[in-house]
Structure formats: C-alpha cells, structure tokens
Amino acid sequence: MQKRKFGRTGHMSTVAIFGAAGLSNVSQETADIAMEQIIAAGVNHIDIAPSYGEAELRVGPWMPETRGQFFLGCKTTERKKDSARAEMERSLRRLNTDAFDLYQLHAVTNYEELDACTRPGGALEAIVQAREEGLVRFIGITGHGNHSPGVFLEALRRFDFDSVLFPINPVLMREPTFRAGAEELIKVCKARDVGTMVIKTIAKQSWQGQERIYDTWYEPFDRLPEIQQRVDFALSYDITGLCTSGDVTILPIFLKACLNSHPMEPSARAALIENAVNFETIFSD
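The text that follows walks through the structure, step by step, so that each part is easy to find. (Residues numbered from 1 in each chain as written. Predicted model: local features only at pLDDT ≥ 70, side-chain atom pairs only at ≥ 80, totals over all residues. Heavy atoms only, no water.)

A short note on the pattern of salt bridges
As a reminder, the rule being used: Salt bridges, as used here, are contacts in which a Lys or Arg side-chain nitrogen is within 4 Å of a carboxyl oxygen on Asp or Glu. The secondary structure listing takes helices from DSSP runs of H or I that are at least 4 residues long and strands from runs of E that are at least 2 residues long, numbered from the N terminus. Buried means the residue's accessible area, taken with a 1.4 Å probe over protein chains only, is under 20% of the maximum for its type, while exposed means over 50%, and partly exposed covers the values in between.
One pass over the full model with this rule turns up 19 salt bridges. Among the salt bridges present, the one from Arg79 reaches Glu113, with a minimum N-O distance of 2.5 Å. Of the two residues, Arg79 sits in the loop between β5 (71-76) and α4 (81-94) while Glu113 sits in helix α5 (residues 111-118), which places them 34 residues apart along the sequence. What makes Glu113 partly exposed here is its relative accessible area of 26%. Note that Glu226 and Arg223 form a salt bridge whose closest N and O atoms lie 2.7 Å from each other. A relative accessible area of 22% means that Glu226 is categorised as partly exposed. Since its relative accessible area comes to 48%, Arg223 is described here as partly exposed. Overlapping salt bridges, with partners in common, bring together Arg8, Asp160, Asp162 and Arg192 in one network.

Dropping the structure here:
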C-alpha cells in the first residue's frame, strides 16, 4: 500500500489508517478478523480512542505481539489536566502498551472546546507533561464539523501540534468557506511539517430518518466504485492518509480502494464537488 510521510514524526504511514471506531460494538472474534484484514493489507497506523466503545479492549490483546508494526495514536475527550491524565493511563493499560506514538485532543469542534483544552490546567498540559515523561512521542488534535478548518488553524497558532485530523469529502468541499479553510489548513500543515489525517471520506449524507444499516452516524457510500472515487478524491489533496470507515463490514472495500488508489485529475475532482449538490452535509453546525 502507498505510504506518505506523517509530518515531522517521520513515520511513513499507509494511506489507509485503521480507524478503530469500527470496533466499538463488535465481538472479539469480529475484531480479530478486522485486525487480520488490516495486517494483510499492510496498514501500519492505528487511530483509536477510549470513546470508541470497546475498541481498546478489542485491540489490546493484539498489542503484545504487534505493537512494533503500528504507529499507535490515541485520544482524550477530557478537557481538564487531571482527568485527561487519568484517561491516558487507562488507555495505556487497556491497550497493553507502555507509550503512545501520538496522543491527541479529541473532538475539538469549536473555539470553546479549544479554549477549554488549551487554558492553564487544561488537557493539553497533561499531554505535554506525558511527552516529557516519555509516555507520548507526539501531540495532535482532532475534530469534525463545518468549522474544523478554522478551529485547527487557530489551534496551530496557540501550540505547535504535530498532527491534525479533520474531515474532507466532496459534499463538505462544495461549501466555499469550508473548502477555503481546508485548503489553507493543508497548506499551513505542509509548511510546518504537520501530519494530516482525514475522516468522513466516504460520508454520503445524514441518515435522514432512515434505518441505520451500518454502524456509522452518517450514511456511507458502500459500493467500491463510489468509495474508490472518494478515496481518490481525498488522497488527491496533500495529506497523509485516511481513517477507515466506522463499520467493519465496509472495511475490506475501503482497504481495497486505498490499495488501488491513483491521483484524481483536478477536473474530475471539480466534477465530483459539483455533483455533491445531490447530498446534504452530515454536519449541522
């Protein structure tokens, strides 16, 4: 699988980054199959969080033998220093590891959340301290929503984060303000050698009252041609990689699309953005 440099970490991450949210509500047997699939595909980067249901407990049994194969990133939704430290230590135990390659402020979707994390006594202080102690190598920030590019540009003004995680898909990029912010964020990250992970790549639209047939909070594209288009679309930007979908039944298709990805011409990218008028954004803010 294609690899790209994950910013100043120096890690050559596969363009498919395993989004372990897909293991939130599955059995250990199903989780084992998913882990076997990502290993077979050559994936070498995992993104996980304690807010992802049972995911840490599902991945934990794999770590004693495979820890060296993966760049392991974890997160906290806690906003205060002490509670963030406690959550980090719990994640280390559950994942059977002594340290994280990356630890991130998670779900920072607006400026109020950013203020809470970065003020004195906030969660960021706990992560910086953990880095000084050798429990964390690099520090990142994650989030989604229509305002995420602007929030992360401000975050990078406040602190020299090593990575950011934010959404890109044709529906979002059709909105001029989001697109301008996302393109500026990518430019700034490139200039500062900040790793960039993308989420919601294959989001189609909100469920809009339909029965949820996948374990995702948005309705995803689920056929290879459409998934391939959107994987190629996202990877045509100067980013590191894409977090896989939150449903393990789509995982093999997503991995196949990443294995077969090729650059999308600007004209094709523009056409996909234009055709996204048929779908509504999955974010309400």
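Structural notes on the sheet that holds strand β4 (residues 45-47)
Test applied: Two strands make a pair as long as DSSP finds a minimum of two bridges between them. For helices, the axis comes from a line fit to the C-alpha atoms of the stretch in contact; other axes are also lines fit to C-alpha atoms, and the angle between any two N-to-C directions lies between 0 and 180 degrees. Contacts: residue pairs with any heavy atoms within 4.5 Å of one another.
Pairing within the closed barrel is parallel, and its 8 strands lie in the order β3-β4-β5-β6-β7-β8-β9-β12. Taken pair by pair, the neighbouring strands of this sheet meet at an average axis angle of 25°, ignoring direction. Bridge count for β5 against strand β6 (residues 100-105) is 4 bridges, and the pairing is parallel. When the sheet's bridge partners are listed, Gly73 is paired in β6 with Leu102. This element, α4, spans β5, β6 and β7 (136-142) of the sheet and lies at about 145° to β6. Sheet contacts for helix α7 (residues 148-158): β7 and β8 (163-167); angle to β8, the most-contacted strand, approximately 170°.

Topic: the pairing of strand β3 (residues 16-19)
Note the following rule: We call a crossover right-handed when, viewed with both strands directed away from the observer, the connection leading from the first strand over the helix to the second proceeds clockwise.
With burial as the criterion, each face of β3 is covered, one bearing Ala16 and Phe18 and the other bearing Ile17 and Gly19. Inspection of the sheet shows β3 paired to strand β12 (residues 241-243) by 2 bridges, in the parallel sense. Considered in β12, the bridge of Ala16 is made with Leu242. Here β3 pairs with β4 via 2 bridges, running parallel. Bridge assignment links Phe18 to a residue of β4, and that residue is Ile46. As a crossover connection, the stretch from β3 through helix α1 (residues 28-41) into β4 is right-handed.

Concerning the packing of aromatic side chains
Filter applied, for reference: Only centres within 6.5 Å qualify two rings of Phe, Tyr or Trp (six-membered ring in Trp) as a pair; their planes then separate them into stacked at under 30 degrees, edge-to-face at over 60, and tilted for everything else. Two conditions define a charge located above a ring, namely a distance within 6 Å from the ring centre to NZ of Lys or CZ of Arg, and an angle within 35 degrees of the ring normal.
Under the counting rule described, the total for this entry stands at 6 aromatic pairs. Ring centres 4.9 Å apart and planes at 70° place the aromatic pair Phe159 and Phe161 in the edge-to-face group. Take Phe159 and Phe161: they sit in the same class, and that class is buried. Above the face of the Phe221 ring, Arg230 is positioned so that its terminal group lies 3.8 Å from the ring centre. In this arrangement the basic side chain of Arg269 is found over the ring face of Tyr237, its NZ or CZ atom lying 4.0 Å from the centre.

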